[in-house]
Amino acid sequence: MLLKKYIICLFVVMTFIDVNCQYSAMSFNIRYDNKGDEENWWEYRKEELVEMVRHYHPDFLGVQEGLIHQLRFIDDMFTKYSYIGVGRDDGKEKGEFAAIFYDSTQFELVESNTFWLSETSKTVSVGWDASMERICTYGSFINRRTKKKIFVFNAHFDHIGRESRRKSAQLIIDKISELNIFQENIIVMGDFNCEPMDDPILLFTKSLEDGLISSVMEDHGPEGTYNGFDLGSRTENRIDYIFTRNIEVSKYIHVNDRRENNLFISDHLPVYIEFKN
């Protein structure tokens, strides 16, 4: 009888664990490979960037500014990750990606796509008053353990065009509506080049939750995410975000890890969340 009760209790505990599994996501502008960055050049920081990713091992890693050889370097360093995305300049491999790496042992890719942040989103194009092509990559995934579906969007908004940023946010919301997935688990992350009270962020928060605000944990790291490789920066400029819908965020951090020489790993801090799915 005692053994039977033990087995029942163990089953209940394991069921609870399965339903409430903890996962993580990270948004990270890794800074494109630019020799002009001198001591902050990609070749000098790429190994430590990979080690930082390895330490946190997010189940989803949304990368902005990554060029194809940078993505391949990261991909080669891991056995569990696969990634989705295309280059914004030609829809293939040219130009910066808004790639999404995912742990393929935890999540199965169902479908993926990339659209341009413009009036003609299905083709390579520059939108509104943007200075260059901008894109959003998204994927739908199945949690291999819980069988729950999750949609992950990753984008990089223009740094010049104010209208472009506002229209880009609306375009992503419209895409979610077009896919008819507002009832599903959703993550929208990226470098949005916007402060928290700017129109695009306020637009997002009408349909999504700002993970920093909804997070159960109160210690979020530095206030901002953009450091510009400036060691004297207080990192107060928050322009990188992770928004969610139908997801319980237990932790939200602006990761301020450094290289061994105390230089920044990138000119942006990664944004990291832990959540249940």
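The structure presented is a predicted model; accordingly, all values stated were derived computationally and were not measured.

A. Fine view of helix 3 (residues 68-76). Turning to helix 3, its buried residues number three or more, namely Ile68, Gln70, Leu71, Phe73 and Ile74. In this structure, the buried residues of helix 3 make contact with helix 2 (42-56), strand 2 (60-64), strand 3 (81-84) and strand 4 (100-103).

B. Inspection of the packing of helix 2 against helix 3 at higher detail. The contact between helix 2 and helix 3 brings their axes to 10 Å, and the two run at 35°. Helix 3 is crossed by helix 2, and the crossing has right-handed handedness. Across the interface between the two elements, Trp42, Lys46, Glu47, Leu49 and Val50 from helix 2 touch Gln70, Phe73 and Ile74 from helix 3. The class makeup of the residues in the contact of helix 2 with helix 3 is 5 nonpolar, 1 polar and 2 charged.

C. Just the sheet that holds strand 12 (residues 271-276), in detail. Strand order in the open sheet formed by 6 strands is 3-4-2-1-12-11, and the pairing between neighbours is mixed. Because the sheet does not close on itself, it has two edges, and the strands there are strand 3 and strand 11 (248-254). When the angles between neighbouring strand axes are averaged without regard to direction, this sheet yields 20°. By the bridge criterion, 3 bridges tie strand 2 to strand 4 in an arrangement that is antiparallel. Within strand 4, the position partnered with Leu61 by the bridge is Phe101. The strands that helix 2 touches are strand 1 (22-29), strand 2, strand 3 and strand 12; relative to strand 1, the one it contacts most, it runs at about 160°. Against the sheet, helix 3 touches strand 2, strand 3 and strand 4, its axis set at about 155° to strand 3.

Quick notes on the rules
Residues numbered from 1 in each chain as written. Predicted model: local features only at pLDDT ≥ 70, side-chain atom pairs only at ≥ 80, totals over all residues. Heavy atoms only, no water. Buried < 20%, exposed > 50% of the residue type's maximum accessible area, 1.4 Å probe, protein only. Helix = DSSP H or I, 4+ residues; strand = E, 2+ residues; numbered from the N terminus. Contact = heavy atoms within 4.5 Å. Axes fitted to C-alpha atoms, helices over the stretch in contact; angles between N-to-C directions. Left-handed = near helix turned anticlockwise from the far one by under 90°. Nonpolar A, V, L, I, M, F, W, Y, C, P; charged D, E, K, R; others polar. Pairing = 2+ DSSP bridges.

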